[in-house]
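# Understanding the architecture of this molecule
Spelled out, the chains give:
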Amino acid sequence: MINKLIAKMLPFFPERIIWIFSKRYISGKLLSDALAESRKLNQNGVVVTVDLLGEYIKNLSEADRYKEQYIELIKRFTEEKVDGNFSVKPSMFGLLIDKEICYLNLRDIVEVADRCNSFIKIDMEDSECTSNEIEIFRRLKTEFPSRVGLVVQAYMRRTLDDVKSLLDLHNTETPLNFRLCKGIYIEEERIAYKGYQEIRDHYVEDLRFMLMNKIYVGIATHDKYLLDKAYEIIDELNVSKDKYEFQMLFGVAPKLRQSIINRGHRLRVYVPYGKQWFGYSTRRLKENPNMVWDIIKAMFVSR
Ligand SMILES: Cc1cc2nc3c(=O)[nH]c(=O)nc-3n(C[C@H](O)[C@H](O)[C@H](O)COP(=O)(O)OP(=O)(O)OC[C@H]3O[C@@H](n4cnc5c(N)ncnc54)[C@H](O)[C@@H]3O)c2cc1C
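Residues numbered from 1 in each chain as written. Predicted model: local features only at pLDDT ≥ 70, side-chain atom pairs only at ≥ 80, totals over all residues. Heavy atoms only, no water.

This part is about the sheet that holds strand β8 (residues 267-273). Reading around the barrel, the 8 strands line up as β1-β2-β3-β4-β5-β6-β7-β8 and close back on themselves, with parallel pairing between neighbours. Across the sheet, the mean angle separating the axes of adjacent strands is 30 degrees when strand polarity is ignored. In the sheet, strand β7 (residues 244-249) pairs with β8 via 4 bridges, with the strands oriented parallel. In the strand pairing of β8, M248 is matched with V269. Relative to strand β1 (residues 47-52), helix α4 (residues 60-79) is tilted by about 160 degrees, and along the sheet it contacts β1, β2 (84-88), β3 (120-122) and β8. (Pairing = 2+ DSSP bridges. Helix = DSSP H or I, 4+ residues; strand = E, 2+ residues; numbered from the N terminus. Axes fitted to C-alpha atoms, helices over the stretch in contact; angles between N-to-C directions. Contact = heavy atoms within 4.5 Å.)

Below you can see the structure in the form of structure tokens.
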């Protein structure tokens, strides 16, 4: 309870305190930091998806700057032969200001990814963005069938219907490619399931549907219960190893990560970097209020 209260007050904490805690979950502030951490992960048999931090821009000129940075990122990682792909947040490219401009910005990025033989995953943001993010995904997937994927959130009541509505884009050569996560934004009960087990049950239902329909899925979770359910479904349906992967966040549950690798599954780590780390970090802190005590401790040791 007290942790939750403190978590709500996080935006009022000094940034330097939050950074002490956050740096564990962020590869660094620079592209070179993301590159160094991605190389280390590759050396340990882990592939990456790299995310330049930033979201919910207020001015479209910010979108232009972010687009240039993503293009530089994709080219650099391709030149350096890093085994990985890229994740983007549409609100960083103006989704909530002008969705057509957002689409055009993302299209430019996917075009570069296409030339670099790479792949872009569209992160899913809060419910205000969902329909537009699905629509942009639909347009990009139609034009670049093997270059783009979408995140879906098991806590959203609409998710299974959304997945079914995209099946017309699915085929054996260029299957739909989803990342399935629980969902991190705070949503109203009429929009999202709220119960912990209820969200897990819907996650399992969505995952089973995807694997039964041969949709490529990134199983993004650190929840041991869900990992065990995923292993069961993979065995039961005899899904081959190239039809799915597991995904985890940078800095979270390294032991669990190793156990997935030891079982011989493909594992991708989400590697965020950039100067706009505050929103990403505070969202994760609010979700895991127990970590608030790490911040309190940091306040004392950093004085
Ligand atoms: C690769 C990846 C990409 C994602 N992309 C999106 C996205 O596009 N949109 C979106 O809404 N959400 C996204 N998420 C976040 C996701 O929705 C969940 O909020 C998050 O993964 C926590 O859910 P969980 O399944 O790990 O289960 P939980 O029950 O939340 O966590 C299980 C256990 O994992 C550990 N854990 C989980 N998170 C953390 C953390 N931050 N720090 C330390 N320990 C932790 C804890 O020990 C916890 O007990 C993504 C997650 C991953 C792994």
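Near the ligand, the surroundings consist of 25 residues, among which K182, G183, Y196, T221 and E287 are the closest. Between the ligand and T221 there is a distance of 2.6 Å, counted from an oxygen atom to a side-chain nitrogen or oxygen. Here an oxygen atom of the ligand sits 2.7 Å away from a polar atom, N or O, in the side chain of H222. A total of 930 Å² of accessible area belongs to the ligand in isolation, and the protein chains cover 85% of it. Secondary structure elements with two or more residues in the shell around the ligand: β4 (148-153), β5 (177-181), β7 and α11 (278-287). Top contributing element to the shell around the ligand by residue count: β7, with 3 residues. Counting residues domain by domain, the shell around the ligand receives three or more from each of domain 1 (1-26 + 277-303) and domain 2 (34-275). (Near = heavy atom within 4 Å. Polar contact = N/O pair within 3.5 Å; in protein donor to acceptor, adjacent residues only side chain to side chain. Areas by Shrake-Rupley, 256 points an atom, 1.4 Å probe, with all protein chains shown as cover. Domains from an automatic or database assignment.)

Often, the extent of an interface is quoted as the loss of accessible area upon association of its parts. Partitioning the chain into domains gives domain 1 (1-26 + 277-303) and domain 2 (34-275). Computed from C-alpha atoms alone, the centre-to-centre distance between domain 1 and domain 2 is 25 Å. On the side of domain 2, 15 residues touch domain 1, which itself brings 9 residues to the contact. At the boundary of domain 1 with domain 2, total buried surface from both sides reaches about 1,100 Å², with 60% on carbon and sulfur atoms. Applying the counting rule to domain 1 against domain 2 returns 0 salt bridges. The interface formed by domain 1 and domain 2 includes 1 residue pair in polar contact (both at pLDDT 80 or more). Split by residue class, the side of domain 1 that touches domain 2 holds 4 nonpolar, 1 polar and 4 charged. (Buried area = accessible area lost by both parts, 1.4 Å probe. Salt bridge = Lys/Arg side-chain N within 4 Å of Asp/Glu carboxyl O. Nonpolar A, V, L, I, M, F, W, Y, C, P; charged D, E, K, R; others polar.)

Moving on, we get to a negative patch on the surface. Together, E189, E198, D201 and E205 make up a negatively charged patch on the protein surface. Positionally, E205 belongs in helix α8 (residues 196-212). (Patch = residues over 30% accessible without salt bridge, like charges linked within 9 Å, V, L, I, M, F, W, Y side chains within 5 Å. Lys, Arg positive; Asp, Glu negative; His and termini not counted. Charge placed at Lys NZ, Arg CZ, Asp CG, Glu CD.)

The subject of this paragraph is the packing of aromatic side chains. Counted according to the given criterion, the structure contains 8 aromatic pairs. Each ring, one from Y244 and one from F246, has its centre 5.9 Å from the other, and the planes form 85 degrees; the classification is edge-to-face. Judged by relative accessible area, Y244 falls into the buried class, the value being 1%. Aromatic side chains Y270 and Y280 sit 6.4 Å apart centroid to centroid with 5 degrees between the ring planes, which places their arrangement in the stacked category. Placement of Y270 in strand β8 and of Y280 in helix α11 is noted, with a sequence separation of 10 residues between them. A residue is classified by how much of its surface remains accessible, and Y270, at 7% relative accessible area, is buried. The ring of Y103 carries R139 above its face, with NZ or CZ at 3.6 Å from the centroid. Lying over the aromatic face of Y231, R263 brings its terminal NZ or CZ to 3.9 Å of the ring centre. (Phe/Tyr/Trp six-rings, centres within 6.5 Å; stacked < 30°, edge-to-face > 60°. Buried < 20%, exposed > 50% of the residue type's maximum accessible area, 1.4 Å probe, protein only. Lys NZ or Arg CZ within 6 Å of the ring centre and 35° of its normal.)

On to the environment of E100. For E100, the position within the fold is in helix α5 (residues 99-115). For E100, a relative accessible area of 36% gives the class partly exposed. As for E100 and I136, which are separated by 36 residues in sequence, their C-alpha atoms are 8.9 Å apart.

Right, let's get into helix α3 (residues 31-43). The terminal C-alpha atoms of α3, which comprises 13 residues, lie 18 Å apart, in line with the 18 Å expected from a rise of 1.5 Å per residue. Along α3, the residues classified as buried are L31, A34, L35, E37, S38 and L41. Looking at the buried residues of α3, the elements they touch are β1, α4, α10 (254-262) and β8. In the stretch just after α3, G45 is the one whose phi turns positive, near 80 degrees. (Expected span 1.5 Å × (residues − 1).)

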